[in-house]
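# Structure assessment
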Amino acid sequence: MTPVSAAKWAGLAAILVVPALLGSGNYAYLVQAGGMIGLYMILALGLNFTMGYVGLFDLGYIAFFAAGAYGAAICGAYNVPLLIELPLTVAFAVLLRLGLGVSILRLRGDYLAIVTMGFGEITRLVINNLDSITNGPKGMEVPPLQLFSWTLSGNLGYYYLIAACVALGVIGSRRLEDSRVGRAWVAIREDETAARLSGISVNEHKLLAFTISAGFAAVAGMIFAHWIQFVTPESFVFWESILIVSMIVLGGMGSIYGVLLGALILGGVPQILQVFLAGSKWIDYRYFFFGVVLVVVVLFRPEGLWPHKRRQAELHEEAA
Amino acid sequence: MKTAGGGKGAPLLEVRQLSQHFGGLKALDGVDLDLSQGEIVSVIGPNGAGKTTFFNVMTGVYPGTEGAILFNGEAVRGLPSHEVIRRGIARTFQNIRLFSNMTALENVMVGRHCRTRNGLLAPLLRLPAYYEEERRIEAAAKDLLGFVGLLSFGNHLAKNLPYGDQRRLEIARALATEPKLIILDEPTAGMNPAECERLVELIRRIRDRGVTVLLIEHQMRVVMGISDRVVVLDYGVKIAEGKPLEVTKNPRVIEAYLGKECD
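Just so we're clear, the structure is a prediction, and the values are computed from it rather than from any experiment.

### Observations regarding the packing of aromatic side chains
Under the criterion given, the structure shown has 15 aromatic pairs over all chains. Seen in terms of ring centroids, Phe49(A) and Phe216(A) are 5.4 Å apart; in terms of plane orientation they differ by 45°. Their pairing is tilted. One end of the pair, Phe49(A), is in helix α2 (residues 29–53); the other, Phe216(A), is in helix α10 (residues 202–228), with 167 residues separating them in the sequence. The class of Phe49(A) is buried, set by a relative accessible area of 0%. With a centroid separation of 6.2 Å and 45° between ring planes, the pair formed by Phe54(B) and Phe55(B) is classed as tilted. In this arrangement the basic side chain of Arg97(B) is found over the ring face of Phe93(B), its NZ or CZ atom lying 5.7 Å from the centre.

In structure tokens:
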């Protein structure tokens with residue numbers, strides 16, 4: 001076994017075993033932190049389709065996380081079983097995204113960023129004011145995840161569920177990026193006009209990536225709601241959208257492992273700092289550190305911490 | 001790779017009274033053009049004559065204001081670009097437009113997009129259809145890289161290739177869409193005489209595959225050497241058309257534009 005693959009297996013084992021060992025000891029908060037980081041990973045992997053592959057800036061992505069969370073909450077309120085809740089919630093988020101995409105994907109660059117930002121805020125305001133359905137700013141209680149008679153509770157259980165979803169997300173992303181559609185996405189990011197004139201239906205492919213992103217966000221939102229068992233509009237502020245965008249920029253646009261690393265750093269560090277700096281006056285500065293890190297990375301490593309490497313093909317002269 | 005059938009003489013493209021107006025500016029004004037299968041035709045004219053606009057209308061970048069473009073007897077004016085490409089017209093750009101951060105091979109593989117079909121499911125589940133199609137895409141792309149002489153650079157990022165190679169990679173990507181007509185917008189721009197020579201030879205080989213070639217070209221030596229016919233545009237109007245030598249003797253052409261000496 002090479003050192004690299006040994007390190008990989010050791011890392012994987014640590015991710016799976018360590019949380020179970022932490023139990024209810026002093027470091028139990030790490031399991032919860034790990035779960036939250038995992039949720040950010042799912043979100044970042046999802047947004048990576050829109051932003052990383054196709055290169056569309058989306059500053060309102062958290063709206064679809066909210067759609068997932070409130071989908072779970074509302075389904076919970078009506079005792080909808082999980083097997084119906086899941087497709088229902090994902091379909092809702094995807095259709096919402098599709099509607100948004102159809103109307104705005106003709107916009108480019110800054111304009112798209114501004115419109116999506118507006119959409120994110122509108123979504124939060126709607127949730128905040130739609131008292132009859134969402135219970136407004138008071139929030140909604142959500143039952144834990146239940147499949148038939150089996151109930152998932154406790155941080156550890158959700159941690160593993162989230163880890164499994166991250167793994168699925170990584171596999172799905174890898175398989176799609178190395179495909180005809182995945183190449184078309186990257187081609188659009190690289191040069192939209194050239195992509196169109198190479199025979200790609202640009203609008204359809206943008207829309208496809210855009211909606212896939214919503215699917216990831218909806219699943220993350222559902223898990224979040226069932227885990228925390230409470231949702232309020234406060235969880236879906238503009239800052240969260242920015243944070244996910246930053247994860248992708250920090251890690252490397254279009255790079256699966258870069259995006260995971262970005263989520264680990266930007267999702268994890270504030271939580272760790274919160275614990276270590278608790279009570280000290282530095283706690284108010286934790287986002288300041290983070291701003292500094294981001295600026296440094298963008299200045300000195302604009303392609304991200306772990307940029308994507310293009311696939312290398314075997315080339316030999318007698319190729320058919 | 002499949003080549004378009006039929007010999008010389010079959011009408012491939014008929015452009016009738018094609019116009020593109022931008023407000024009061026008539027960038028293209030009532031242009032007619034016929035192309036037969038297997039021809040190499042050059043479009044020349046002074047800067048701003050409407051050459052690139054003409055190519056842009058032909059490939060759906062601009063919708064065109066009036067007139068008709070019949071390709072294989074089918075009206076294609078106003079179709080979205082990817083639909084035009086699917087019908088068998090491919091093009092390259094005056095300013096090279098590659099997918100810079102993709103490898104040379106991937107650039108050509110993207111060109112196979114409109115001739116392949118895999119959606120999301122086959123790659124997600126790694127169905128046999130996925131492997132089968134990917135293998136065919138890759139084989140065709142390698143074949144074309146070999147055709148333009150870039151196979152050994154297949155794994156290089158497009159942006160790292162030398163200028164002349166980028167031009168040829170763009171041609172390979174265009175050929176990957178299986179065109180019946182390829183439109184080359186100033187393919188020799190910025191090339192030295194030796195590179196020019198290789199490109200002229202490449203254009204001939206493209207024609208020998210059965211692909212009709214329409215090109216914008218400034219270097220008169222290239223134009224004279226390979227064109228079956230030459231079309232001269234000036235201020236959006238076709239002012240002359242004919243064999244290369246005839247055209248250069250046409251007084252209207254001489255008046256509008258003497259052509260740049262090839263170095």
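Read on, since the account is not over.
### Focus: the sheet that holds strand β9 (residues 229–234) of chain B
Residues and elements named next belong to chain B. Taken together, six strands build an open sheet; the order of strands is β6-β7-β8-β3-β9-β10 and the sheet is mixed. Every other strand in the sheet has two partners, leaving β6 (89–91) and β10 (237–242) as the edge strands with one partner each. Averaged over all neighbouring strand pairs, the angle between strand axes comes to 20°, with direction disregarded. Helix-sheet contacts for helix α6 (residues 163–175) involve β6 and β7 (181–185), and the interaxial angle to β7 is about 155°. Its contacts with the sheet put helix α7 (residues 193–208) on β3 (40–44), β7 and β8 (212–216), and the angle it makes with β8 is roughly 145°.

### Some thoughts on the interface of chain B and chain A
How big an interface is tends to be reported as the loss of accessible area on association of its parts. Taken together, the contacts link 45 residues of chain B with 37 residues of chain A. Approximately 3600 Å² of surface area, both sides summed, lies buried where chain B meets chain A, with 59% of it carried by carbon and sulfur atoms. Our count for the chain B to chain A interface comes out at four salt bridges. The closest approach of N and O atoms between Arg183(A) and Glu134(B), which form a salt bridge, is 3.0 Å. Counting across the chain B and chain A interface gives 15 residue pairs in polar contact (both at pLDDT 80 or more). Elements that contribute at least two residues to the side of chain B that touches chain A include exactly α2 (81–86), α3 (104–111), α4 (121–125) and α5 (128–147) of chain B. By residue number, the principal contributor to the side of chain B that touches chain A is α5(B), which donates eight residues. Considering only residue class, the side of chain B that touches chain A consists of 19 nonpolar, 15 polar and 11 charged.

### Digging into the confidence of the model for chain B
All names here are of chain B. Taken residue by residue, chain B gives an average pLDDT of 91. The fraction at 70 or more is 94%. Segment residues 1–8: pLDDT under 50, and 17 contacts once partners within four positions in sequence are set aside and those in other chains are kept. Overall fold confidence for the complex sits at a pTM of 0.92, while the interface term, ipTM, reaches 0.91.

### Quick look at the environment of Gly182(A)
All names here are of chain A. The topology assignment puts Gly-182 in helix α8 (residues 180–190). When its relative accessible area of 3% is taken as the criterion, Gly-182 is described as buried. Residues Gly-182 and Gln-312, spaced 130 residues apart in sequence, show a C-alpha to C-alpha distance of 15 Å. Sequence-distant contacts of Gly-182, defined by excluding residues within four places in its chain, comprise Leu-176 and Glu-177.

### Quick look at the domain arrangement of chain B
Residue and element names in this part refer to chain B. Taken domain by domain, chain B comprises domain 1 (1–88 + 179–263) and domain 2 (99–172). Of the residues lining the interface, 19 residues belong to domain 1; the matching set on domain 2 comes to 12 residues. A combined buried area of about 1300 Å² lies between domain 1 and domain 2, and 61% of that area is made up of carbon and sulfur atoms. Our enumeration of links across domain 1 and domain 2 arrives at zero salt bridges. The tally of links from domain 1 across to domain 2 stands at five residue pairs in polar contact (both at pLDDT 80 or more). Those elements that provide at least two residues to the side of domain 1 that touches domain 2 are α2, β7 and α7. At six residues, α7 tops the list of elements feeding residues into the side of domain 1 that touches domain 2. Across the side of domain 1 that touches domain 2, the residue classes break down as 10 nonpolar, two polar and seven charged.

### Remarks on the pattern of salt bridges
This structure, assessed with the given rule, holds 29 salt bridges over all chains. Residue Glu121(A) is joined to Arg124(A) by a salt bridge in which the shortest nitrogen-to-oxygen separation is 2.9 Å. Remark: Arg124(A) and Glu121(A) occur in helix α5 (residues 109–129); sequence separation between them is three residues, near one turn of the helix. Exposure remark for Arg124(A): the relative accessible area of 16% places this residue in the buried category. In this structure, a network of salt bridges that share partners links the residues Asp178(A), Arg311(A), Glu138(B) and Lys142(B).

### Here's the deal with the nonpolar core
Of all hydrophobic cores here, the largest spans 90 residues; its most connected members are Leu39(A), Leu43(A) and Trp185(A). Not counting residues within four places of it along the chain, the set of residues in contact with Leu43(A) comprises Tyr61(A), Ile62(A), Phe65(A), Ala217(A), Ala220(A) and Ile244(A).

Thresholds, definitions, all that
Residues numbered from 1 in each chain as written. Chains lettered and ligands numbered in written order. Predicted model: local features only at pLDDT ≥ 70, side-chain atom pairs only at ≥ 80, totals over all residues. Heavy atoms only, no water. Phe/Tyr/Trp six-rings, centres within 6.5 Å; stacked < 30°, edge-to-face > 60°. Helix = DSSP H or I, 4+ residues; strand = E, 2+ residues; numbered from the N terminus. Buried < 20%, exposed > 50% of the residue type's maximum accessible area, 1.4 Å probe, protein only. Lys NZ or Arg CZ within 6 Å of the ring centre and 35° of its normal. Pairing = 2+ DSSP bridges. Axes fitted to C-alpha atoms, helices over the stretch in contact; angles between N-to-C directions. Contact = heavy atoms within 4.5 Å. Buried area = accessible area lost by both parts, 1.4 Å probe. Salt bridge = Lys/Arg side-chain N within 4 Å of Asp/Glu carboxyl O. Polar contact = N/O pair within 3.5 Å; in protein donor to acceptor, adjacent residues only side chain to side chain. Nonpolar A, V, L, I, M, F, W, Y, C, P; charged D, E, K, R; others polar. pLDDT = per-residue confidence, 0-100. Domains from an automatic or database assignment. Core = buried A, V, L, I, M, F, W, Y, C linked by side-chain atoms within 4.5 Å.

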